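The primary structure of each chain is shown beneath.
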Amino acid sequence: MELAHFHIFRLQVADKNFYNSNNNNNNKKKKNLQTTRCLFQQLKDLVEVVVRELVSTQHSISDDELLRAKTQLQSMLLMNLESRPIVFEDVGRQVLANGHRRTPHYYYDMIG
């Protein structure tokens, strides 16, 4: 929480220095400051949700959830490889990292 206040303070100082040379932008300064505060509040809420979800994964994950996650990962893998530039990038990355390329079906089977 204090880190967010520190960043808001830094932005206030930066805005003040910038807008002192342009007095006609006072409304813009206030709007930017309000938006910044809103974004920090949303960031705080986001962190709380992410932490809560991570803590909830300490407990067992149901078989249905695991199956759904595996299916989603398999479909994302195959959909991403439908684009030719992404296939070329994948080939290059695998050859540089491993010295050879594995087919998408290898990874599909490893997930499943």
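An account of the accompanying structure is given in this report. Each chain has its residues counted from 1, running along the sequence as written. Only residues with pLDDT of at least 70 get local features here, since the model is predicted, and only at 80 or more are side-chain atom pairs given and counted; chain-wide, interface and lining totals rely on the full set of residues. For the side-chain quantities, the full set of heavy atoms in the structure was used; hydrogens and water were omitted.

It is worth spelling out the overall build of the chain at this point. A run of H or I in DSSP counts as a helix once it spans at least four residues, and a run of E counts as a strand once it spans at least two, with each numbered from the N terminus. Looking only at helices and strands, one finds five helices and zero strands in the chain. Written out in order from the N terminus, the α and β elements of the chain read α-α-α-α-α. Between buried and exposed lies partly exposed: a residue is buried under 20% and exposed over 50% of the maximum accessible area for its type, with that area taken using a 1.4 Å probe on protein chains only. Counting only residues that meet the buried cut, the chain has 12% of its 112 residues in that class. A fraction of 50% describes how many contacts in the chain between residues 6 or more apart in sequence connect residues 24 or more apart. Per-residue and other accessible areas were derived by the Shrake-Rupley procedure at a 1.4 Å probe size, with only the shown protein chains allowed to occlude residues. Surface exposure of the chain reaches about 9,600 Å², of which carbon and sulfur atoms provide 59%. Here, residues are in contact when the closest pair of their heavy atoms is within 4.5 Å.

A few words on the pattern of salt bridges. The term salt bridge refers to a pairing of a side-chain nitrogen on Lys or Arg with a carboxyl oxygen on Asp or Glu at a separation within 4 Å. Under the defined criterion, the tally for this structure stands at three salt bridges. Residue K44 is joined to E48 by a salt bridge in which the shortest nitrogen-to-oxygen separation is 2.9 Å. Linking K44 with E48, this pair stays in helix α2 (residues 26-56), spanning four residues, or about one helical turn. A relative accessible area of 40% means that E48 is categorised as partly exposed. One salt bridge in this structure joins D90 and R101, with 3.8 Å as the shortest N-O distance. Here D90, found in helix α4 (residues 84-98), pairs with R101, found in the loop between α4 and α5 (104-111); they are 11 residues apart in sequence, far enough to count as distant. Accessibility expressed as a relative area gives 16% for D90, which makes it buried.

Moving on, we come to the packing of helix α3 (residues 63-80) against α5. Between α3 and α5, the shortest axis-to-axis distance is 9 Å and the interhelical angle comes to 170°. In terms of their interaxial angle, α3 and α5 are classed as roughly antiparallel. In contact with K70, L73, Q74, L77 and L78 of α3, α5 contributes P104, Y107, Y108 and I111. Counted by class, the contact of α3 with α5 contains seven nonpolar, one polar and one charged residues. Where helices are involved, their axes are fitted lines through C-alpha atoms of the stretch in contact, as for all axes, and angles between N-to-C directions lie from 0 to 180°. Each angle receives one of four descriptions, namely roughly parallel if under 35 degrees, roughly antiparallel if over 145, roughly perpendicular if within 65 to 115, and oblique otherwise. Only Asp, Glu, Lys and Arg are considered charged in this grouping, and only Ala, Val, Leu, Ile, Met, Phe, Trp, Tyr, Cys and Pro are considered nonpolar; every other residue, Gly among them, is considered polar.

So, about the packing of aromatic side chains. Only centres within 6.5 Å qualify two rings of Phe, Tyr or Trp (six-membered ring in Trp) as a pair; their planes then separate them into stacked at under 30 degrees, edge-to-face at over 60, and tilted for everything else. One pass over the full model with this rule turns up one aromatic pair. Ring geometry for Y106 against Y107: centres 5.2 Å apart, planes inclined by 80°, an arrangement best described as edge-to-face.

A separate point is the side chain of Q94. Mapped onto the secondary structure, Q94 falls in helix α4. Each polar contact in these results corresponds to two N or O atoms within 3.5 Å; when the atoms are within protein, one needs to be able to donate a hydrogen and the other to accept it, and residues that are neighboring in sequence are counted only if both atoms are side-chain atoms. Reaching out from Q94, the side chain makes a polar contact with the backbone nitrogen of R102 at a distance of 2.7 Å. If sequence neighbours within four positions are ignored, Q94 has contacts with G99, H100, R101, R102 and Y107.

Here the focus is α4. In a helix, the anticipated span is given by 1.5 Å times the number of residues less one. The end-to-end C-alpha distance of α4 is 21 Å, a good match for the 21 Å that 15 residues give at a rise of 1.5 Å each. Taken from the residues just after α4, G99 is the one with a positive phi, measuring 85°.

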